[in-house]
Amino acid sequence: GTWKSERIIASRQGPHLRLEGGGTGILNFCANNYLGLSSHPEVIRAAVEALEKFGAGLSSVRFICGTQSIHKDLEEKIARFHQREDAILYASCFDANAGIFEALLTPEDAVLSDELNHASIIDGIRLCKANKYRYKHMDMQDLEAKLQDAQKHRLRLVATDGAFSMDGDIAPLKEICQLAQKYDALVFIDECHATGFLGPNGRGTDELLGVMDKVTIINSTLGKALGGAAGGYTTGPKPLIDLLRQRSRPYLFSNSLPPAVVGCASKALDLLMESNAIAQSMAAKTQRFRSKMTAAGFTISGKDHPICPVMLGDARLAAVMAEDMLNRGIYVIGFSYPVVPKGKARIRVQISAVHSDEDIDRCVEAFTEVGRKHGALP
């Protein structure tokens, strides 16, 4: 029951999909399309204009002949959005995470990583020669003990997801930053599941928790809330960004982002910086789903995040329930080992700003029917 298959979508991304083979009017509750910008007309128009003006692609890495004015403009816009000094673009945030630790840290340094960090952070840390510490998930006592032990190293970097993608919980950044200040460490956060919709202006968990001036480095993606196409970035101090342009292997050896991708991401940031209305619309929709599912008897992991994992435990149950949900017109996916730990299988529901209240209620009703059918509810 754990073999993964790919469903084929025959329409553009959005809250309502058409699947290949005839499935129409399917409600999509598993996309990272948090703000609904993947199919926003202005975002699409910006991509088309960039495609027509700057071409399909650069056929080059950035430092040879792969840097256009739109790449530099987008990097400046990202830095301004996050209120940082500079930014650097990558083909994906997986590449951004693969490229930073090796370039920044030496065998004299230490990196301290939350045990539930995203796979790309784990892989990026594996590539570097720094001394590696793994602290228990969001456990500040364990982090402090490991920071104490790491005092013998030259530089200490605490690495954490801002919002954890499998559980929908948010890192305690205030406490992490306090410990980092106490033990002279830098703080790195991956904001892929926060950029665009967490915080008063959608700037992420550091804005949400009031520590924008205490987080040193942010990695995030353009492939989720910010248009949903592709691309990632690092933003932070200018000397760090300058170093990455010289030393970061995924940046040096990967083609530049295609102009159409740059165009749509740039327009997505424009929309966010013009108004926080889209970002703010997420909270009420998220609360509606979480409260109704909890009232129905389900256990929903995390807190106040549009990632709403419906915890089921059994991998086969998660897969069968997800299939049955699709039969009722709701597209969700079961997650099981090795994506999540054994015994912690779930169906991860993701709320979008473009879901209506009726969409959410229909999803809850289907979950309740399917849950009772398969014994997940009494």
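Residues numbered from 1 in each chain as written. Predicted model: local features only at pLDDT ≥ 70, side-chain atom pairs only at ≥ 80, totals over all residues. Heavy atoms only, no water.

Draft legend 1. Expanded view of the overall build of the protein chain. Helix and strand counts for the protein chain stand at 14 helices and 13 strands. Compactness check: the protein chain gives a C-alpha radius of gyration of 21 Å against a globular reference of 21 Å for 378 residues, within 12% of the reference. Evaluated residue by residue, the protein chain yields a buried proportion of 55% over its 378 residues. Taking the intrachain contacts of the protein chain between residues at least 6 apart in sequence as the baseline, contacts between residues at least 24 apart amount to 70%. Within the structure as shown, the protein chain displays about 16300 Å² of accessible surface, and the carbon and sulfur contribution to it stands at 51%. With 44 positive and 44 negative side-chain charges, the protein chain shows a separation of 3 Å between the mean positions of the two kinds. (Helix = DSSP H or I, 4+ residues; strand = E, 2+ residues; numbered from the N terminus. Rg over C-alpha atoms; globule rule 2.2 N^0.38 Å. Buried < 20%, exposed > 50% of the residue type's maximum accessible area, 1.4 Å probe, protein only. Contact = heavy atoms within 4.5 Å. Areas by Shrake-Rupley, 256 points an atom, 1.4 Å probe, with all protein chains shown as cover. Lys, Arg positive; Asp, Glu negative; His and termini not counted. Charge placed at Lys NZ, Arg CZ, Asp CG, Glu CD.)

Draft legend 2. Structural detail: the pattern of salt bridges. The full count for this structure, using the stated rule, is 22 salt bridges. Residues aspartate 270 and lysine 77 are paired through a salt bridge, measuring 2.8 Å at the closest nitrogen-oxygen approach. Note that aspartate 270 is positioned in helix α11 (residues 259-274) and lysine 77 in helix α3 (residues 69-82), a separation of 193 residues in sequence. The class of aspartate 270 is partly exposed, set by a relative accessible area of 22%. Between aspartate 324 and lysine 373 there is a salt bridge whose closest N-O contact spans 2.8 Å. Taken together, the positions of aspartate 324 in helix α13 (residues 315-327) and lysine 373 in helix α14 (residues 357-373) put the pair 49 residues apart, joining distant regions of the chain. Given a relative accessible area of 8%, aspartate 324 falls into the buried group. A relative accessible area of 54% places lysine 373 in the exposed class. Overlapping salt bridges bring together Arg62, Lys72, Glu75 and Arg245 as one network. (Salt bridge = Lys/Arg side-chain N within 4 Å of Asp/Glu carboxyl O.)

Draft legend 3. View of unusual backbone geometry. Along the chain, tyrosine 337 connects to proline 338 via a cis peptide bond; the corresponding omega equals 10°. Examined against the element boundaries, proline 338 turns out to sit in the loop between β12 (334-335) and β13 (345-350). Even without being glycine, glutamine 83 reaches a positive phi, approximately 60°. Mapped onto the secondary structure, glutamine 83 falls in the loop between α3 and β3 (86-90). Phi is positive for aspartate 304, close to 55°, though the residue is something other than glycine. Relative to the assigned elements, aspartate 304 resides in the loop between α12 (277-296) and β10 (307-313). Here aspartate 304 falls in the partly exposed class, since its relative accessible area comes to 48%.

Draft legend 4. A look at the UniProt feature "domain: Aminotransferase class I/classII large" (unreviewed entry) in the protein chain. Those places that UniProt annotates as "domain: Aminotransferase class I/classII large" (unreviewed entry) correspond, in this numbering, to residues 25-367. Across residues 25-367, the secondary structure splits into 44% helix and 16% strand, with the terminal C-alpha atoms separated by 17 Å. (UniProt positions renumbered as here; feature names shortened; annotations may be inferred.)

Draft legend 5. The arrangement of the packing of α12 against α14 in detail. Put simply, α12 and α14 touch, their axes get as near as 10 Å, and they point 20° apart. When the axis of α12 is compared with that of α14, the two are roughly parallel. Crossing of α12 against α14: the hand is right-handed. Contacts between α12 and α14 pair Lys285, Arg288, Phe289, Lys292, Met293 and Ala296 from the former with Asp357, Ile360, Asp361, Cys363, Val364, Phe367 and Thr368 from the latter. (Axes fitted to C-alpha atoms, helices over the stretch in contact; angles between N-to-C directions. Parallel < 35°, antiparallel > 145°, perpendicular 65-115°, else oblique. Left-handed = near helix turned anticlockwise from the far one by under 90°.)

Draft legend 6. Structural view of helix α5 (residues 119-127). Within α5, the full set of buried residues consists of Ser120, Ile121, Gly124 and Ile125. Each buried residue of α5 lies within a common arc of 135° when the element is viewed along its axis, so the set occupies one face. Where α5 is buried, its residues meet α4 (93-104), β4 (110-114), β5 (131-135), β6 (156-161) and β7 (186-190). (Arc of directions from axis to C-beta.)

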